[in-house]
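# Geometric and topological summary
Residues per chain, in single letters:
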Amino acid sequence: MLRKKPTSIPTATPTHDAALSKLQRYCAYQDRCHKEVRSKLLDIGMRGHDLEVIMSELIEADFLNEERFARSYVRGKFRIKRWGRVKIRIELKRRDISAYCIKKGMSEIDDMEYYEALEKTILTKRKILKPDSEFKQKGKLAQHAIRRGFESGLVWEVVHEVFDRKEM
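Residues numbered from 1 in each chain as written. Predicted model: local features only at pLDDT ≥ 70, side-chain atom pairs only at ≥ 80, totals over all residues. Heavy atoms only, no water.

### Overview of the overall build of the protein
- Within the protein, the secondary structure is distributed over nine helices and zero strands.
- N-terminal to C-terminal, the α/β element order of the protein is α-α-α-α-α-α-α-α-α.
- Scaling as 2.2 N^0.38, a compact globule of 168 residues should have a C-alpha radius of gyration of about 15 Å, whereas the protein reaches 22 Å, well beyond that.
- The principal-axis extents of the C-alpha atoms in the protein amount to approximately 65 × 45 × 20 Å.
- By residue count, 35% of the 168 residues in the protein fall in the buried class.
- Look at the contacts in the protein between residues 6 or more apart in sequence, and 64% of them connect residues 24 or more apart.
- Only carbon and sulfur atoms are counted for the fraction: they give 54% of the accessible area of the protein, which is about 10,800 Å². (Helix = DSSP H or I, 4+ residues; strand = E, 2+ residues; numbered from the N terminus. Rg over C-alpha atoms; globule rule 2.2 N^0.38 Å. Buried < 20%, exposed > 50% of the residue type's maximum accessible area, 1.4 Å probe, protein only. Contact = heavy atoms within 4.5 Å. Areas by Shrake-Rupley, 256 points an atom, 1.4 Å probe, with all protein chains shown as cover.)

Shown next as C-alpha cells:
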C-alpha cells in the first residue's frame, strides 16, 4: 500500500535571503510560471508582503519570466509530448498565464511542423488499430487526435486525407 507523503509544515519562517536563494535555484533549474513560484513560497512559509517582495525580486533579476515560460512550455509539450494547440492552451490557462503570453508561446509552433505532427499521430495510431470498418477507424483516429489536443476541423481533414491516399 502506498502511503501519501506528509505535507511538511515549516517549523519557522525562513529568512528573506534564504527564501530568495532557494527560489532562485528553483527557477534556475527550469522555467517556472508565477503560480508555481507563489505556491512554492507558500509551501516554505512565506506570506504577505515578504512573498510579494521575493516575487518582484525574482522578476527583476529575470529568474521569473512568464513569456519565456510560455514559450518553453509550448515548445516542450509540442515537440516532446506531441500535444496539440488546444491542450497546450488549456494547460497554460490553468497556470494563469496571460493571453498575451499564451499568444507569444503559441507562435513557437510552426504550422507545417504542426500539420506533420498531426499526420504522424494519425498514421501511427492507424497502424495499431485492429481491422474494422473504415467509418469506425476514422472515428477512433479522430478521437485519438482530438484527445491529444488537435483542433477537430483539422483532425477530420487529415483523417480523410490519410484514407484517400489508402496508406497503411
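### A short note on the pattern of salt bridges
- For the coordinates displayed, the defined rule picks out 13 salt bridges.
- Residue Asp 62 is joined to Arg 68 by a salt bridge in which the shortest nitrogen-to-oxygen separation is 3.2 Å.
- Using a relative accessible area of 41% as the deciding quantity, one classes Asp 62 as partly exposed.
- Residue Glu 108 is joined to Arg 75 by a salt bridge in which the shortest nitrogen-to-oxygen separation is 3.0 Å. Of the two residues, Glu 108 is situated in the loop between α6 (99-106) and α7 (111-128) and Arg 75 in helix α4 (residues 66-79); the sequence distance between them amounts to 33 residues.
- In the salt-bridge network here, residues are joined through shared partners; they are Glu 67, Arg 71, Arg 75 and Glu 108. (Salt bridge = Lys/Arg side-chain N within 4 Å of Asp/Glu carboxyl O.)

### Concerning helix α5 (residues 85-94)
- Taken residue by residue, α5 has Arg 85, Ile 88, Glu 91 and Leu 92 as its buried positions. Looking straight down α5, one finds its buried side chains confined to an arc of 130 degrees; they lie on one side. Across from the buried face of α5, at angles greater than 90 degrees, the exposed residues are Lys 93 and Arg 94.
- Close packing links the buried residues of α5 with α4, α6 and α7. (Arc of directions from axis to C-beta.)

### What to know about the confidence of the model for the protein
- Here the protein averages 89 in pLDDT, and 91% of its residues register 70 or above.
- Averaged pLDDT values for the elements of the protein fall to 90 in helix α1 (residues 16-29) and rise to 97 in α5. (pLDDT = per-residue confidence, 0-100.)

### Some words on the environment of Ile 122
- Counting through the fold element by element, Ile 122 comes out in helix α7.
- Taking the C-alpha atoms as reference, Ile 122 lies 13 Å from Glu 151; in sequence the two are 29 residues apart.
- Excluding residues within four positions of it along the chain, Ile 122 makes contact with Leu 141, Ala 145, Val 155, Val 158, Val 159 and Val 162.

### Brief notes about unusual backbone geometry
- Phi at Arg 82 is positive, roughly 60 degrees, even though this residue is not glycine.
- Relative to the assigned elements, Arg 82 resides in the loop between α4 and α5.
- For Arg 82, a relative accessible area of 29% translates into the label partly exposed.
- Within the chain, Asp 96 stands out as a residue other than glycine whose phi angle is a positive 60 degrees.
- With respect to the helices, strands and loops of the structure, Asp 96 is situated in the loop between α5 and α6.

### Some remarks on the side chain of Lys 138
- By the secondary structure assignment, Lys 138 is in helix α8 (residues 134-147).
- In contact with Lys 138, other than residues within four places in its own chain, are Trp 156, Val 159, His 160 and Phe 163.

### Digging into the nonpolar core
- Membership of the largest hydrophobic core comes to 29 residues, with the highest contact counts inside it found for Ile 88, Leu 92, Ile 97 and Ile 122.
- Of all the secondary structure elements, the ones that give two or more residues to this core are α4, α5, α6, α7, α8 and α9 (152-165).
- When residues no more than four places from it in sequence are discounted, the contact partners of Ile 97 are Cys 33, Glu 66, Phe 69, Ala 70, Leu 92 and Ile 102.
- Counting residues in each nonpolar core, the second largest holds 14 residues, with Tyr 26, Cys 27, Val 37 and Leu 58 among its members. (Core = buried A, V, L, I, M, F, W, Y, C linked by side-chain atoms within 4.5 Å.)

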